[in-house]
Amino acid sequence: NKNISEVDLSSNGFGDEEIKPLGNLLKINDSITVINLHANSIGSEGTKALAEALKLNKSLTQVDLSHNKIDDEGVKALAESLSVNTSLTSVDLAMNWVGDQGLEALAESLKVTRTISKLDLSGNAIGDQGVK
């Protein structure tokens, strides 16, 4: 449906397996600009599926992945996709399990991407090493 531009799937209890089909959809969709996946149970595998989709998707501008179970492994995949995505401007990763290694991967991808203007990492497990 070309009329749908925003999708809110927050607080549905979606885990990795439920998110994988969404990743496949986002690979070919060109009308959705905002997706809200706040407060689900998305972990590394689900984040990897979304990251693969973000490498191809050219319509999404905002992704809310806050309050999930995304760790460094998932964020590394996401960071790789941000390096090639040309449409995302806002990524919310607040209240996940992102640590120093995840932050380091994101910092490297932000050296390349020019579209991200908002990145929320509040409430994660980032320590002193990650901020250096």
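Residues numbered from 1 in each chain as written. Predicted model: local features only at pLDDT ≥ 70, side-chain atom pairs only at ≥ 80, totals over all residues. Heavy atoms only, no water.

Here the focus is the overall build of the protein. Scanning the protein from terminus to terminus reveals five helices and five strands. Beginning at the N terminus, the succession of helices and strands in the protein can be written as β-α-β-α-β-α-β-α-β-α. In summary, the protein has a C-alpha radius of gyration of 14 Å against a globular reference of 14 Å for 132 residues, a match within 12%. For the C-alpha atoms alone, the extent of the protein along its principal axes is close to 45 × 30 × 20 Å. Counting over 132 residues, the protein shows a buried share of 47%. Counted over contacts in the protein with a minimum sequence separation of 6, partners at least 24 positions apart contribute 88%. Counting 12 positive and 19 negative side-chain charges, the protein places the centres of these two groups 6 Å from one another. (Helix = DSSP H or I, 4+ residues; strand = E, 2+ residues; numbered from the N terminus. Rg over C-alpha atoms; globule rule 2.2 N^0.38 Å. Buried < 20%, exposed > 50% of the residue type's maximum accessible area, 1.4 Å probe, protein only. Contact = heavy atoms within 4.5 Å. Lys, Arg positive; Asp, Glu negative; His and termini not counted. Charge placed at Lys NZ, Arg CZ, Asp CG, Glu CD.)

Before going further, it helps to examine the nonpolar core. Judged by nonpolar contacts, the single largest core of 28 residues is most densely connected at Leu26, Ile35, Leu37, Leu60, Leu65, Leu88 and Leu93. Those elements that place two or more of their residues in this core are helix H1 (16–28), helix H2 (44–56), helix H3 (72–82) and helix H4 (100–110). At four residues, H3 tops the list of elements feeding residues into this core. Sequence-distant contacts of Leu37, defined by excluding residues within four places in its chain, comprise Leu9, Ser10, Ile19, Leu22, Ile42, Leu50, Asp64, Leu65, Ser66 and Asn68. (Core = buried A, V, L, I, M, F, W, Y, C linked by side-chain atoms within 4.5 Å.)

This next bit is on the packing of H2 against H3. At a minimum axis distance of 8 Å, the contact between H2 and H3 shows a crossing angle of 0°. By the criterion of interaxial angle, the relationship of H2 to H3 is roughly parallel. Contact residues: Ser44, Glu45, Thr47, Lys48, Ala51, Leu54 and Lys55 in H2; Glu73, Gly74, Ala77, Leu78, Glu80 and Ser81 in H3. Broken down by class, the residue content of the contact of H2 with H3 amounts to four nonpolar, four polar and five charged. (Axes fitted to C-alpha atoms, helices over the stretch in contact; angles between N-to-C directions. Parallel < 35°, antiparallel > 145°, perpendicular 65-115°, else oblique. Nonpolar A, V, L, I, M, F, W, Y, C, P; charged D, E, K, R; others polar.)

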